[in-house]
Amino acid sequence: MVGKRSGKALLREEGLERTDNNMDLTTWPQINPINQKNYYTDFLKRDDQILPLRLLQEERRNRMTAKARDRDRELAQANTNEATPSGVDLDMDDDAGMEDAGEPLTGQDALGSKVIVIHPGSQNLRIGLASDALPKTVPMVIARKWSMSESEDDGGEPSPKRRRTDDGSQMEPEEMFGEEFASQYNRMCADLKIHMRSNKRRVLPNSKELIVNYNKRTPPETISEHNDPFRVDWTEIPANPKEAPGFLTGKEALRIPDKSIPRYKLFWPLRYGWYNESEYREKKDLYDDIATIIEEAIKTQLNLRRKKDWVQYGCVFVVPDLYERHYVSQTLEMLMRDLGFGKVCFIQESLAATCGAGYTTACVVDVGAQKTSVCCVEEGMCIENSRINLKYGGADVTETFVRMMLYDHFPYADIDLKRRYDFLLAEELKSKFCTMNEGEISPQLFDFHLRVSGQDTRKYTFKTYDEVLLAPQGYYQPTIFDNSQKLKGRRNLIDRSYDLYEGGPNDPVSSAQSAVISLISPIVSVNGQTNGETSNGHTAPAPIKLAPNMIQKINDSERTPASTVGSPAPDDDDTPVPTSTATEALATSVRDDVLPVIALDTAILTSISHGARLDERKTRDFLSSVMVVGGGAQISGFYMSLEERLKDLRPGFAKDIVIGTPPRELDPQGVIWKGGSVFGKLRGTNDSWIGKMEYDRLGARLLVYKCMWAW
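The name an unreviewed UniProt entry assigns to the protein chain is Actin-like protein arp8, from the organism Imshaugia aleurites. Quoted verbatim from the Sequence similarities (unreviewed entry) field of the UniProt record, the comment on the protein chain reads "Belongs to the actin family."

Asker: Can you help me understand the packing of helix α12 (residues 511–520) against helix α15 (residues 600–612) in this one?
Answerer: Helix-helix packing: each pair is described by the crossing angle between the helix axes and the interaxial distance. Contact geometry of α12 with α15 gives a least axis separation of 9 Å together with a crossing angle of 140°. Between α12 and α15, the angle is such that the two are oblique. In this structure, α12 crosses over α15, and the sense of that crossing is right-handed. Of the residues in α15, those in contact with Ser 511, Ala 512, Ala 515, Val 516 and Leu 519 of α12 are Thr 602, Thr 606, Ser 607 and His 610. In terms of residue class, the contact of α12 with α15 is built from four nonpolar, five polar and no charged.

Asker: Got a minute to help me understand the packing of aromatic side chains in this structure?
Answerer: How two aromatic rings sit relative to each other is given by the distance of their centres and the angle of their planes. Summed over all chains, the structure comprises 26 aromatic pairs. Relative to Phe 341, the ring of Trp 310 has its centre 6.2 Å away and its plane inclined at 15°; by these criteria the two rings are stacked. Taken together, the residues span a long stretch of sequence, with Trp 310 in the loop between α6 (283–301) and β10 (314–319) and Phe 341 in the loop between α7 (325–338) and β11 (343–348) at a distance of 31 residues. Since its relative accessible area comes to 0%, Trp 310 is described here as buried. Phe 341 sits in the buried class, given a relative accessible area of 0%. Geometrically, the ring pair formed by Phe 448 and Tyr 460 is stacked, given 5.2 Å between the ring centres and 10° between the ring planes. Linking Phe 448 in strand β16 (residues 444–450) with Tyr 460 in strand β17 (residues 457–464), this pair joins segments that are 12 residues apart in sequence. Take Phe 448: its relative accessible area is 4%, and that puts it in the buried class.

Asker: I'm lost on the pattern of salt bridges in this one. Help?
Answerer: Should the charged atoms of two oppositely charged side chains come close, the side chains can pair. Following the criterion strictly, the structure yields 34 salt bridges and no others. Its salt-bridge partner being Lys 307, residue Glu 295 comes within 3.6 Å of it at the nearest N-O pair. With a gap of 12 residues between them, Glu 295 in helix α6 and Lys 307 in the loop between α6 and β10 connect regions that are remote in the sequence. Overall, Glu 295 belongs to the buried group, its relative accessible area being 16%. The salt bridge involving Lys 430 is made with Glu 427; its shortest N-O contact spans 3.6 Å. Placement of both Lys 430 and Glu 427 in helix α10 (residues 420–433) is noted, with a separation of three residues, approximately one turn of the helix.

Asker: Would you explain the packing of helix α8 (residues 349–357) against helix α18 (residues 671–681) in this entry?
Answerer: The interhelical angle for the contact between α8 and α18, taken along N-to-C directions, is 80°, at an axis separation of 6 Å. Classified by the angle between their axes, α8 and α18 sit roughly perpendicular to one another. Where α8 approaches α18, its residues Glu 349, Ala 352, Ala 353, Cys 355, Gly 356 and Ala 357 are matched on the opposing element by Val 671, Ile 672, Lys 674, Gly 675, Gly 676 and Val 678. Its residues assigned to classes, the contact of α8 with α18 comprises seven nonpolar, three polar and two charged.

Asker: So what exactly am I meant to see when it comes to the pairing of strand β13 (residues 372–378) here?
Answerer: Side chains on a regular strand alternate between the two faces of the sheet. Among the seven residues of β13, six are classified as buried, and the element is accordingly described as predominantly covered. Of the strand pairs in this sheet, strand β12 (residues 361–367) and β13 are connected by seven bridges, and their pairing is antiparallel. Within β13, the position partnered with Cys 363 by the bridge is Cys 376. Where β12 hands over to β13, the hairpin turn is made up of four residues, counted between the paired strands. Two strands pair when backbone bridges link them, and β13 and strand β14 (residues 381–382) are joined in this way by two bridges, in the antiparallel orientation.

Asker: I'm lost on the nonpolar core in this one. Help?
Answerer: Buried together is how nonpolar side chains tend to be arranged in soluble globular proteins. Within the largest apolar cluster, 84 residues are counted, with the highest numbers of intra-cluster contacts made by Tyr 412, Phe 448, Tyr 475, Leu 600, Ile 604 and Phe 638. Beyond its immediate sequence surroundings of up to four residues, Tyr 475 is in contact with Val 367, Tyr 392, Gly 393, Gly 394, Val 397, Phe 481, Ile 598, Ala 599, Leu 600, Gly 632, Ile 635 and Phe 638. Residues Leu 125, Phe 267, Tyr 287 and Leu 304 belong to the second largest nonpolar core, which totals 45 residues.

Asker: Quick question: what am I supposed to make of the sheet that holds strand β5 (residues 221–223) here?
Answerer: In a beta sheet, neighbouring strands pair by backbone hydrogen bonds and run either parallel or antiparallel. Spatially, the three strands line up as an open sheet ordered β5-β17-β16, and their pairing is antiparallel. If you trace the sheet from one side to the other, it starts and ends with β5 and β16, each paired once. Averaged over all pairs of adjacent strands, the angle between their axes in this sheet comes to 30°, without regard to strand direction. Taken together, the three bridges between β5 and β17 define a ladder with antiparallel strand orientation. Paired with Thr 222 across the strands is Arg 458, a residue of β17. Sitting on the sheet, helix α4 (residues 207–216) touches β16 and β17, and the angle it makes with β17 is about 165°.

Asker: Quick question: what am I supposed to make of α6 here?
Answerer: One full turn of an α-helix is made of 3.6 residues, so residues set three or four places apart face in the same direction. For α6, spanning 19 residues, the distance from its first C-alpha to its last is 27 Å, which sits close to the expected 27 Å at 1.5 Å a residue. Of all the positions in α6, only Leu 286, Tyr 287, Asp 289, Ile 290, Ala 291, Thr 292, Ile 293, Ile 294, Glu 295, Ala 297, Ile 298 and Lys 299 are classed as buried. Of the residues flanking the end of α6, it is Asn 303, one or two places downstream, whose phi is positive at about 60°.

Asker: Help me understand the pairing of β10, please; the structure alone is not making it clear to me.
Answerer: Summarising burial for β10: six of the six residues are buried, a large majority. Every second residue of β10 is oriented toward a common face, with Gly 314, Val 316 and Val 318 on one face and Cys 315, Phe 317 and Val 319 on the other, all of them buried. Sheet topology places strand β1 (residues 115–120) next to β10; four bridges connect them, and they run parallel. In the sheet register, Ile 118 faces β10, and the bridge partner there is Phe 317.

Asker: It is not clear to me how the environment of Ser 149 should be interpreted in this structure. Could you clarify?
Answerer: Along the chain, Ser 149 turns up in the loop between β4 (142–145) and α3 (178–198). When the C-alpha positions of Ser 149 and Pro 262 are compared, they lie 9.7 Å apart, and in sequence the two are 113 residues distant. In this view, Ser 149 contacts Asp 258, Arg 263, Tyr 264, Lys 265 and Arg 420; residues no more than four positions away in its chain are not counted.

Asker: Honestly, unusual backbone geometry in this entry has me stumped. Any pointers?
Answerer: Trans is the prevailing form of peptide bonds, just as negative phi is the prevailing case for residues other than glycine. Going from Ser 159 to Pro 160, the amide bond is cis rather than trans, its omega being 5°. Looking at the element boundaries, Pro 160 is found in the loop between β4 and α3. A cis amide bond links Ile 261 to the next residue, Pro 262, at an omega of 0°. Note on placement: Pro 262 falls in the loop between α5 (251–254) and β7 (264–267). Even without glycine at this site, His 409 takes up a positive phi of about 60°. Here His 409 lies in the loop between α9 (394–407) and α10. Since its relative accessible area comes to 12%, His 409 is described here as buried.

The rules behind these values
Residues numbered from 1 in each chain as written. Predicted model: local features only at pLDDT ≥ 70, side-chain atom pairs only at ≥ 80, totals over all residues. Heavy atoms only, no water. UniProt positions renumbered as here; feature names shortened; annotations may be inferred. Axes fitted to C-alpha atoms, helices over the stretch in contact; angles between N-to-C directions. Helix = DSSP H or I, 4+ residues; strand = E, 2+ residues; numbered from the N terminus. Parallel < 35°, antiparallel > 145°, perpendicular 65-115°, else oblique. Left-handed = near helix turned anticlockwise from the far one by under 90°. Contact = heavy atoms within 4.5 Å. Nonpolar A, V, L, I, M, F, W, Y, C, P; charged D, E, K, R; others polar. Phe/Tyr/Trp six-rings, centres within 6.5 Å; stacked < 30°, edge-to-face > 60°. Buried < 20%, exposed > 50% of the residue type's maximum accessible area, 1.4 Å probe, protein only. Salt bridge = Lys/Arg side-chain N within 4 Å of Asp/Glu carboxyl O. Pairing = 2+ DSSP bridges. Core = buried A, V, L, I, M, F, W, Y, C linked by side-chain atoms within 4.5 Å. Expected span 1.5 Å × (residues − 1).

So, in structure tokens, the structure goes:
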């Protein structure tokens, strides 16, 4: 028989019974039970409980109060003068730009005149006030007193590196770079001839022999220094070593003679978009050099000599799309502590490029000196999974062009890119002669002048053929580049960023970048018995071997509540890593061991496919707005060549593919900086500014609230 349930039983089923530990409550004072539905907490659930957001609200409130006070004062003056005030109809919205309400601002009061925009790169630093039309470009290098110059370091080994015989003598040009380079170079030459013939272009059968024979027998012409109208003004170093400066930066550093007394050595603190850990012994020296270069650029280029006045200035700093958290947090500390800016905000490169060019949706391709990045931007936001970072650029084209010229008996056979004057000469030759137009390929006669400090000018005459086109073709066949030293010193000084609570790596990852790495090392297995093949048909490097404990660590550290489906891989040597886990392993734990280098056209299509997520409309939008920026792409015919290759890979979208250029005749090298200046002048960006007081209290934790992307 089922009887009526007691009230106590009902309370027990509903979970509402109080825990009185069986005590006699008759002797205790009568206490009313607490209503359980009122159990709650509002800790960190309101904006006024979070310091950055509370300060932002107070700033808006103070601004509105000041505007209302000014409006009342103007009304009072209008009543006295019996005239209509000019500002009665001013909009009280705090996001409206007050600078646009009256006359245009000029001089020191111009909009953005108190904001410094900084865009650092591996080879050049672009810096200027947000009110400037164009940035100032400064080499991202510092020269310090040293025992020997960079060309004398490493036993005087030249760059590009040449092979030598057993007795130390130099090999013939056809053998000095090894069989692998020679075979690939000859294969590229043969493929170019076939392609030119298929396009009905005239190809001379003995073109190579003509230029080789000419270059072999052409001696240089000597020109006395006083007869050279374009002689170089070298940086003068005092004869007394005690009076010589401890360091020099920018163009002055590149113009120091290699044989100067005392010796100076060049340091490039950023290489391939990373910290240059191979040339520094302490990370403090690395950070100090970056701060010194920026500080000297502000003093010399912007004429802001007094550092104590910089607290009145804000700074917009451009960071890579696929950044490292340690780089951003360390940069924030440098800008706040070392340089003493009053406020700082960050913007990503691709977003800055779209701001500078006026695009709302675009696939931004930034070809720099040593780094190439691809990212899709939609409605003012970078699509995280479309970000790709490749470790090659214009400097690789320069070195490959020099190697190809040396292979064809370049008359200046002693060229060494470690020497400062040879480095500047090679950059000049690349910018003048390299092209990607097949119609310009024919035996051509050129000349250049070699200017060395303390020596007479030498004029060289030489001929070129297909080297001028095959060197930039390395963007589509990056194996021709010398990638052997790009991972040297990686993680020697600066470790990766790890999550404070879970202990796993927390640097941002991208599914497109993971796909790029999987193209290079496609199979990740424990025993490593299987090789993969890339999309170009070449055999990929040996797969990465992951120990069972590493697989377990990846499964434990990388798992999130949204991706906990499935069980960890058992400790069995024959158990393969699941596909998702393998991708995460490559993107995080093994990312530092794999150099991301694939063809540029493949990288662009990979980025678009991950950014569009199989949406055909978005795919067409991105393909019709591919915007190429950066100095590495300033080669004649680059845009047309890239467009043709994309159409060949995606014939179904051929009519939609368009390679766009920055509008309004903007220099593609300064578009990203220009976007940073536009961002710094927008009133709506005050949500992103980091002030001194809040940074002193919270430090880098502020980036969670201040970044425009998911930190």
